Amino acid sequence: MIAEARSARGGLDPTGGLDAVTTRAVRTVAARPAAIRPDWVSQLLDDGLDHPRYVELVAVVSRAVAIDTLLEALALEPEPLPDPLGGEPSGDIDRRARPGKAWVPMVGGGSITQALSLVPPENAELETLHGPLYLTFEEMSDPAIHKDGLTRPQMELVAARTSARNSCFY
Amino acid sequence: MLSWSAQATDTPVELRAVVDPRVDPLLPGGRELVGFVDSVLAVPDPAAARAVVEQRGEAALVTAASVIANFQMMNIVADATGIPVDNGSRLRNADIIAELGLARFDHLETEAT
């Protein structure tokens, strides 16, 4: 999926390494996320991609895009991808997750910090990466926090401009 | 979060700079930071990274790159899962949404009132 995401962001043709539905999902999530609508997600489900697999796909692709973006921004080479591991998926999902106002089931009231909570290990990985890249969820409540050369308003200017560039309303 | 953190720290900021890079954000190094974001996400320009280093130092460049990376991730998660923006937030920020023209980005269904 990460190879497919890199291909999509680079404007290259599909790799052929995934089935058609997963290919479509990865390429849109990686390269055109602002174009996603609820009926597009529903179509993926009709075509055989269930909610847990979609959430895991979003999680893996979003983290890969983050790491690739960091390296691109610092003019560094992309990390080589490891060989895929064998074995079956863990199937670890949170049975408390329910449909709500968001487009995937989640635990809680539709907060961004719970967006991937249907698949707990993926929600945990999101938080694990969020801290070193930006702020921990706990640090986010401090408007005066400084981090390695930037004040909080300077960090938020970068965050807001990034979201505007990505046409992300949230 | 930009408006909130600026108000809480008595820091002057011009929010229109978020959507218009011709506008001075008023923050120290603000123009350079916006230019760096645009260089990473739109038109690559090695001078943009150098400008951040000259203005704020190498650590600031790494922090800015990390923040861009994080919000690439969070934007994808929000857009792909359809995280709703609740009506309370829409109302509290209605003036900012109108001033910056952010409604054009809104593909999330508005909550029923």
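Remember, it's a predicted structure, so these values are computed and weren't measured experimentally.

**Brief notes about the overall build of chain B**
The secondary structure content of chain B amounts to 6 helices and 0 strands. The N-to-C order of helical and strand elements in chain B reads α-α-α-α-α-α. For chain B, the proportion of its 113 residues judged to be buried stands at 41%.

**Structural notes on the overall build of chain A**
The helix and strand inventory of chain A stands at 6 helices and 2 strands. Compactness check: chain A gives a C-alpha radius of gyration of 17 Å against a globular reference of 15 Å for 170 residues, within 12% of the reference. Viewed in the frame of its principal axes, chain A has a C-alpha envelope of about 45 × 40 × 30 Å. Residue pairs at least 24 apart in sequence account for 49% of intrachain contacts in chain A once pairs closer than 6 positions are excluded.

**Brief notes about helix H4 (residues 58-81) of chain B**
All names here are of chain B. In this model H4 runs 35 Å from its N-terminal to its C-terminal C-alpha over 24 residues, within 8% of the 34 Å that 1.5 Å per residue would give. The element H4 is largely enclosed, with a buried count of 21 among its 24 residues. Once H4 ends, the next one or two residues include Gly 82, with phi positive near 65 degrees.

**Remarks on helix H2 (residues 20-31) of chain A**
With 12 residues, H2 of chain A should reach 16 Å at 1.5 Å per residue; the first-to-last C-alpha distance of 16 Å fits that figure. Taken residue by residue, H2 of chain A has Ala 25, Val 26, Arg 27, Val 29 and Ala 30 of chain A as its buried positions. Looking at the buried residues of H2 of chain A, the elements they touch are helix H1 (2-9), helix H3 (38-46) and helix H4 (51-73) of chain A together with H4 of chain B.

**Comments concerning unusual backbone geometry**
One non-glycine residue, Ala 75 of chain A, adopts positive backbone phi at about 55 degrees. Take Ala 75 of chain A: it is sitting in the loop between H4 and helix H5 (120-133).

**Regarding the confidence of the model for chain B**
Residues and elements named next belong to chain B. In the predicted model, chain B carries a mean pLDDT of 90, and the fraction of residues at 70 or more is 94%. Looking at the elements of chain B, mean pLDDT is at its lowest for helix H5 (residues 87-92), recorded as 79, and at its highest for helix H2 (residues 30-41), recorded as 98. In the predicted assembly, ipTM is 0.96 and pTM is 0.94.

**A closer look at the interface of chain B and chain A**
Each partner contributes residues to the interface: chain B has 56 residues there, and chain A has 56 residues. It is H4 of chain B that contributes the most residues to the side of chain B that touches chain A, 22 residues altogether. Classifying every residue of the side of chain B that touches chain A gives 37 nonpolar, 14 polar and 5 charged.

Reading the values: rules and limits
- Residues numbered from 1 in each chain as written.
- Chains lettered and ligands numbered in written order.
- Predicted model: local features only at pLDDT ≥ 70, side-chain atom pairs only at ≥ 80, totals over all residues.
- Helix = DSSP H or I, 4+ residues; strand = E, 2+ residues; numbered from the N terminus.
- Buried ≥ 20, exposed ≤ 12 C-beta atoms within 10 Å, placed from the backbone.
- Rg over C-alpha atoms; globule rule 2.2 N^0.38 Å.
- Contact = placed C-beta atoms within 7 Å.
- Expected span 1.5 Å × (residues − 1).
- pLDDT = per-residue confidence, 0-100.
- Nonpolar A, V, L, I, M, F, W, Y, C, P; charged D, E, K, R; others polar.

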